[in-house]
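Read off the chains here:
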Amino acid sequence: PRPESLAGRIRRRVRQPDPVHRLCEVLSLRHRDDPEERWRCCASWQRTLGNKWNSREFAAKHGCRIPALYWSGSILSALPWSTLPDRYAIRPAFAGGRQGTYVIVDGCDLLRDVRHSPASRAGELGRTHRWRWFRPTLVEEFVQPEAAGDQLPIECKFYMFGEPVGAIEIVRRVNPATTQVFYTEHW
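Residues numbered from 1 in each chain as written. Predicted model: local features only at pLDDT ≥ 70, side-chain atom pairs only at ≥ 80, totals over all residues. Heavy atoms only, no water.

J.: What am I meant to see in unusual backbone geometry here?
T.: Where the residue is not glycine, phi is negative for most of them; where a peptide bond is considered, it is trans in most cases. The phi dihedral of D106 is positive, around 50 degrees, even though this residue is not glycine. Position of D106 relative to the elements: it lies in the loop between β3 (102-105) and β4 (108-109). In the Ramachandran plot, W187 falls in the positive-phi region, its phi being about 60 degrees despite a non-glycine side chain. Note that W187 resides in the segment after β9 (177-183). (Helix = DSSP H or I, 4+ residues; strand = E, 2+ residues; numbered from the N terminus.)

Shown next, in the form of structure tokens:
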């Protein structure tokens, strides 16, 4: 038998017909002014929305309100700490489960209930964003919940399979506990 090529081994491991295309699509940055064909390049085009930059741009393209963007980039030493407001969120473009995410209100990280100085925040970011050249970082407006007080907003996550809604997840983060509840599309 002939030895398997590197592309064949990758394809077999990720079980995708074209893993190189998949990787390029996930890493490509889109812009709200890009034509629809650029966004919908293939049957699995939605995977580009796993990149938080792309999901912001997609939402803006379709008229949704999005948080103000204060800074984005991969070189964290260039982040202008002194120009940031008292309330903001730091999110890596690629991550999940709060990994590398900070919600800062008056110097306190609401996700971890830890107070940070700008210097300690920069050090913490350096540790959590080790692969930053692959993971650009977004610094955005903190979306204040309608209820009074400095608390995190309720997250609503819709798990979609094309058009159908597979599940709805509601996440409430109140330090130190997090609760998650799942619903069907009919609640």
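J.: Help me understand helix α4 (residues 52-61) in this model?
T.: In an α-helix, one full turn covers 3.6 residues, which means residues spaced three or four apart are oriented alike. With seven of ten residues buried, α4 is to be regarded as a mostly interior element. Its side-chain oxygen placed 2.8 Å from the backbone nitrogen of W53, N51 serves as the N-cap of α4. (Buried < 20%, exposed > 50% of the residue type's maximum accessible area, 1.4 Å probe, protein only. Polar contact = N/O pair within 3.5 Å; in protein donor to acceptor, adjacent residues only side chain to side chain.)

J.: Honestly, the pattern of salt bridges in this entry has me stumped. Any pointers?
T.: In a structure, side chains of opposite charge can pair up when their charged atoms sit close to one another. By the definition in use, this model includes eight salt bridges. In this structure, the salt-bridge partner of R40 is E36, at a minimum N-O distance of 2.6 Å. On the basis of relative accessible area, R40 is assigned to the partly exposed category, the value being 38%. A salt bridge links E140 to R56, with the nearest nitrogen and oxygen atoms 2.7 Å apart. In this pair, E140 sits in strand β6 (residues 137-141) while R56 sits in helix α4, placing the two residues 84 residues apart along the sequence. (Salt bridge = Lys/Arg side-chain N within 4 Å of Asp/Glu carboxyl O.)

J.: How do you make sense of the side chain of K52 when you look at a structure like this?
T.: The topology assignment puts K52 in helix α4. Of the side chains with opposite charge, E140 lies nearest to the buried K52, which makes no salt bridge, at 9.0 Å. Apart from the residues within four sequence positions on either side, K52 is in contact with R91, P92, A93, F94, A95 and L138. (Lys, Arg positive; Asp, Glu negative; His and termini not counted. Contact = heavy atoms within 4.5 Å.)

Remember that the coordinates give geometry; whether it matters functionally is a separate question.
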